[in-house]
Amino acid sequence: MGSKGAGGTEAQKYVWEGAIPLQIHLHESEVTTLPSPPPALILAPRIGYLPLLGTKIKPFFSNSLPPGVDTVWFEYKGLPLKWYIPTGVLFDLLCAEPERPWNLTVHFRGYPGNILTPCEGEDSAKWSFINSLKEAAYVINGNCKNVMNMSQPDQLELWRSIMDGRIPVRLYVRTINEDFDDLQDAPAVESWDKISYINRPVEIHGDGGKCFTLCDAITKLLRELFGEKLLPKDDVSGEEVEVGQRLSLEETKKSSMEQSGEMLNERIVSCSVSDGAVIKLIRIQGIEPKMEIPFAWVVNNLMNPEYFLHICVYVKIQEPITI
């Protein structure tokens, strides 16, 4: 995996070298000087994590901060950002119409421990990454031994195992109650209650020689919403996909229990939605792919370094999802 930048595909190069321009403002409650400090402009790697930017942006604001111990955290339009979600995923999930630069607010005081899990900077980001890698290894191989000491041949074997079948996927489902035609009119996320986080493996199986597509994968991942009735469209960013089947909460819980033991720390979110829900957008690594694209291509080209495929889905519903 370490050679992707040199010998991978163009899409892999895009993923590994992709960056998001950020314009970071110090929250007004922490400004102690006049005039206020200007915003910091920085390129953030898509596959990186916001806590890793702390030491880079601190020099921009150090002279304006009040006394105290630094506890760096970020927010977007009032929403505290979960630091263990890759920066690129946060951008795809929260910016329906991508902002460039992406305007974030940084805090160095008043960590919202009631909303965010504790973060100790680089160490927390490192261990979160390693735990994700262990989860991925468990999905692929049935165990997570020797993840810390993987050789290049072991990494290659892990990758071949991925391509042979079981894919670790992290799905972020953003629910929207208001209708909109343009992405720029999508309402801002005011609470993480609007985001359902689903951690599931997907097995690639063609049907009678039929190519296993992104549509097939989404159907499996969101079986509580789709059942078996999701139909592919040319481009879900421009055309909505109707959700045809509604499962009861009891069926959902049964389905989730059948998955137990298949993944370390698996967090299955049970969803019950109203008839007529529609997918407004699917985004992976900043790309809005067509539903009929082979899922193997998506995995081979758009997976994150910890071997998880992160998929952001915007779903419009009339009633809130029951979690």
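Residues numbered from 1 in each chain as written. Predicted model: local features only at pLDDT ≥ 70, side-chain atom pairs only at ≥ 80, totals over all residues. Heavy atoms only, no water.

1. As for the environment of K316
(1) Moving on: Here K316 lies in strand β10 (residues 309–316).
(2) Moving on: Put simply, K316 and N177 are 139 residues apart on the chain and 5.7 Å apart in space, counted from C-alpha to C-alpha. (Helix = DSSP H or I, 4+ residues; strand = E, 2+ residues; numbered from the N terminus.)

2. Some thoughts on the nonpolar core
(1) Moving on: With 36 residues, the main nonpolar core has L171, I218, F295, L309 and I311 as its most contacted residues.
(2) Moving on: At the level of secondary structure, the elements contributing two or more residues to this core comprise α5 (122–141), β6 (166–176), β7 (195–203), α7 (214–221), β9 (278–283), α10 (295–302) and β10.
(3) Moving on: Ranked by the residues each element gives to this core, the list is headed by α7, at five residues.
(4) Moving on: Leave out the neighbours within four places in its chain, and I311 touches V169, R170, L171, Y172, I218, L221, I282, R283 and I284.
(5) Moving on: In terms of nonpolar packing, the next biggest core, distinct from the first, is built from 34 residues, L26, L81, I195 and Y197 among them. (Core = buried A, V, L, I, M, F, W, Y, C linked by side-chain atoms within 4.5 Å. Buried < 20%, exposed > 50% of the residue type's maximum accessible area, 1.4 Å probe, protein only. Contact = heavy atoms within 4.5 Å.)

3. Topic: the packing of helix α2 (residues 10–17) against α10
(1) Moving on: The N-to-C vectors of α2 and α10 enclose an angle of 45°; their axes lie 8 Å apart at closest approach. Accordingly, the angle class assigned to the pair α2 and α10 is oblique. Together, A11, Q12 and V15 of α2 and W297, N300, N301 and L302 of α10 make up the contact between the two elements.
(2) Moving on: Its residues assigned to classes, the contact of α2 with α10 shows four nonpolar, three polar and no charged. (Axes fitted to C-alpha atoms, helices over the stretch in contact; angles between N-to-C directions. Parallel < 35°, antiparallel > 145°, perpendicular 65-115°, else oblique. Nonpolar A, V, L, I, M, F, W, Y, C, P; charged D, E, K, R; others polar.)

4. Digging into the sheet that holds strand β5 (residues 102–107)
(1) Moving on: Sheet architecture is open: five strands sit in the order β2-β1-β5-β3-β4, paired in mixed fashion. What marks the edges here is a single partner per strand, and that holds for β2 (40–45) and β4 (79–80).
(2) Moving on: Direction of pairing for strand β1 (residues 19–26) relative to β5: parallel, over a ladder of five bridges. Note on β5: the bridge partner recorded for I24 is L104. (Pairing = 2+ DSSP bridges.)

5. Focus on helix α3 (residues 54–61)
(1) Moving on: The complete set of buried residues in α3 reads G54, I57 and F61. Along the axis of α3, the buried residues cluster in a sector spanning 80°; they form a single face. Exposed side of α3, more than 90 degrees from the buried face: T55 and P59 are the residues found there.
(2) Moving on: Buried residues along α3 sit against β1, β2, β3 (73–76) and β5. (Arc of directions from axis to C-beta.)

6. Some thoughts on unusual backbone geometry
(1) Moving on: Each neighbour pair has its own omega, and for L34 with P35 the value is -5°, a cis peptide bond.
(2) Moving on: Relative to the helices and strands, P35 resides in the loop between β1 and β2.
(3) Moving on: With an omega of 0°, the peptide bond between R100 and P101 qualifies as cis.
(4) Moving on: Along the chain, P101 turns up in the loop between α4 (87–94) and β5.
(5) Moving on: The backbone phi angle of Q285 is positive, close to 55°, even though this residue is not glycine.
(6) Moving on: Along the chain, the position of Q285 falls in the loop between β9 and α10.
(7) Moving on: On the basis of relative accessible area, Q285 is assigned to the buried category, the value being 6%.

7. Focus on the confidence of the model for the chain
(1) Moving on: Mean pLDDT over the chain works out to 79, with 74% of the residues at or above the 70 mark.
(2) Moving on: Taken together, the stretch residues 231–274 has pLDDT below 50 and engages in 116 contacts with residues farther than four places along the chain or on a different chain. (pLDDT = per-residue confidence, 0-100.)

8. Some details on the pairing of β7
(1) Moving on: Extensive coverage of β7 is indicated by the burial of eight of its nine residues.
(2) Moving on: Bridge analysis of β6 against β7 gives nine bridges, and the strand direction is antiparallel. Opposite R170, over in β7, you have N199 as the bridge partner.

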